[in-house]
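An overview of the molecular structure
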Amino acid sequence: MENISYEKRENVAILKISRPKFLNALNTQTLLELNQAIEDVKNDKDVYVLVITGEGSKAFVAGADIKEMSNMSVFESREFSILGNSVFRKIEELEIPTIAAINGFALGGGCELSLCCDIRIASENAKFGQPEVTLGITPGFGGTQRLARVVGLSKAKELIFTGKMIDANEALNIGLVNKVVPTENILDEALLLASQIAKNAPLAVKMCKVAINKGIDVDINTGLSYEAEIFSHCFSTEDQKDAMAAFLEKRKIDKFKNR
Ligand code: DAK
């Protein structure tokens with residue numbers, strides 16, 4: 001792959017969008033490579049948490065590639081949107097937790113990519129925005145849908161209608177990011193959080209994610225009955241038996257078996 005790098009550190013995978021000359025803007029090739037990388041993550045049972053970040057210290061992703069989009073026909077723009085949406089949806093639907101380590105500009109498609117992740121950590125120099133209307137287009141990779149789900153209707157509309165950029169602290173204030181960290185520590189902080197998650201029972205963590213995501217779209221009774229179902233599934237795992245036995249024997253569990 002030319003524009004995506006993939007690295008594994010124990011049970012954590014790191015995907016880096018790597019087109020620093022173009023502030024990691026997403027063109028078709030990068031989206032296709034991202035799609036392949038996500039498939040690899042999905043098929044690797046030893047990956048418990050995924051961290052997505054951008055190459056360099058200036059940008060996470062400065063959006064979809066404006067140069068490529070500028071010459072698109074109606075048909076091509078539709079294909080581009082379908083490709084982006086399917087890759088982003090695939091990220092959102094990964095059963096393992098995902099963390100966006102936002103190391104600079106997260107604009108347009110970059111902000112939308114971060115919105116597909118479960119947790120967003122921003123560096124102090126990060127900047128967020130949905131500037132599409134300044135380019136005569138609408139957000140095309142889920143921004144009109146996911147931003148409001150994260151920050152509420154009113155703030156999402158303000159950001160999308162104005163196309164303005166906000167800094168990391170404002171992003172924190174409106175609940176767009178979980179945490180702001182010193183720029184030079186962004187990957188380490190994301191990896192620290194990832195390792196805290198990865199040391200827990202992986203199947204239980206996955207089931208929590210699926211239940212939370214399912215529950216948000218259904219009524220509370222349906223959500224609670226789904227919770228009862230996944231709770232009972234845990235009792236078929238070796239990890240539940242080992243962890244409860246360890247607790248009763250007053251010892252720490254070394255490593256979960258993911259079984
Ligand atoms: N696309 C392509 N190249 C980009 C880029 C982008 N989004 N952002 C930056 N670059 C390139 C610049 O052109 C420049 O290249 P050279 O001129 O050196 O060849 C290089 O990266 C460095 O950028 P700057 O020189 O501009 O750096 P500055 O520090 O001065 O400014 C900036 C940084 C992030 C403020 C500025 O680059 C900027 O405003 N970039 C554009 C940000 C933006 O508007 N992003 C949103 C893109 S729109 C859809 C599908 C998808 C989408 C919509 C619809 N459908 C098909 C329905 C998504 C849309 C978007 O994401």
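What comes next concerns the included structure. (Residues numbered from 1 in each chain as written. Predicted model: local features only at pLDDT ≥ 70, side-chain atom pairs only at ≥ 80, totals over all residues. Heavy atoms only, no water.)

The biggest cluster of nonpolar side chains holds 46 residues, and the ones touching the most others in it are Leu 34, Leu 50, Leu 113, Phe 128 and Leu 176. Contacts of Leu 113, omitting those with residues within four sequence positions, involve Ile 17, Leu 34, Ile 52, Phe 60, Val 61, Phe 88 and Ile 91. (Core = buried A, V, L, I, M, F, W, Y, C linked by side-chain atoms within 4.5 Å. Buried < 20%, exposed > 50% of the residue type's maximum accessible area, 1.4 Å probe, protein only. Contact = heavy atoms within 4.5 Å.)

We now examine the pairing of strand S1 (residues 4-9). Working note: regular strand, side chains alternate between the two faces of the sheet. In the sheet, S1 pairs with strand S2 (residues 12-17) via 6 bridges, with the strands oriented antiparallel. When the bridges of S2 are listed, Lys 8 appears paired with Ala 13. Between S1 and the antiparallel strand that follows it, S2, lie 2 residues; Glu 10 among them carries a positive phi value of about 50°. (Pairing = 2+ DSSP bridges. Helix = DSSP H or I, 4+ residues; strand = E, 2+ residues; numbered from the N terminus.)

To continue, consider the packing of aromatic side chains. A full pass over the atoms with the stated rule returns 3 aromatic pairs. Considering the side-chain rings of Phe 231 and Phe 235, the 5.2 Å spacing of their centres and the 70° angle between planes classify their relative orientation as edge-to-face. Taken together, the ring pairs in this structure connect Phe 80, Phe 88 and Phe 141 into an aromatic cluster. (Phe/Tyr/Trp six-rings, centres within 6.5 Å; stacked < 30°, edge-to-face > 60°.)

Glancing now at the environment of Ser 86. Mapped onto the elements, Ser 86 comes out in helix H3 (residues 74-92). Ser 86 sits in the partly exposed class, given a relative accessible area of 39%. Residues Ser 86 and Ile 17, 69 residues apart in the sequence, show an inter-C-alpha distance of 17 Å. Of note is the side chain of Ser 86, whose polar atom sits 3.1 Å from the backbone oxygen of Leu 83. (Polar contact = N/O pair within 3.5 Å; in protein donor to acceptor, adjacent residues only side chain to side chain.)

Everything listed is a geometric property; what it means functionally is a separate question.
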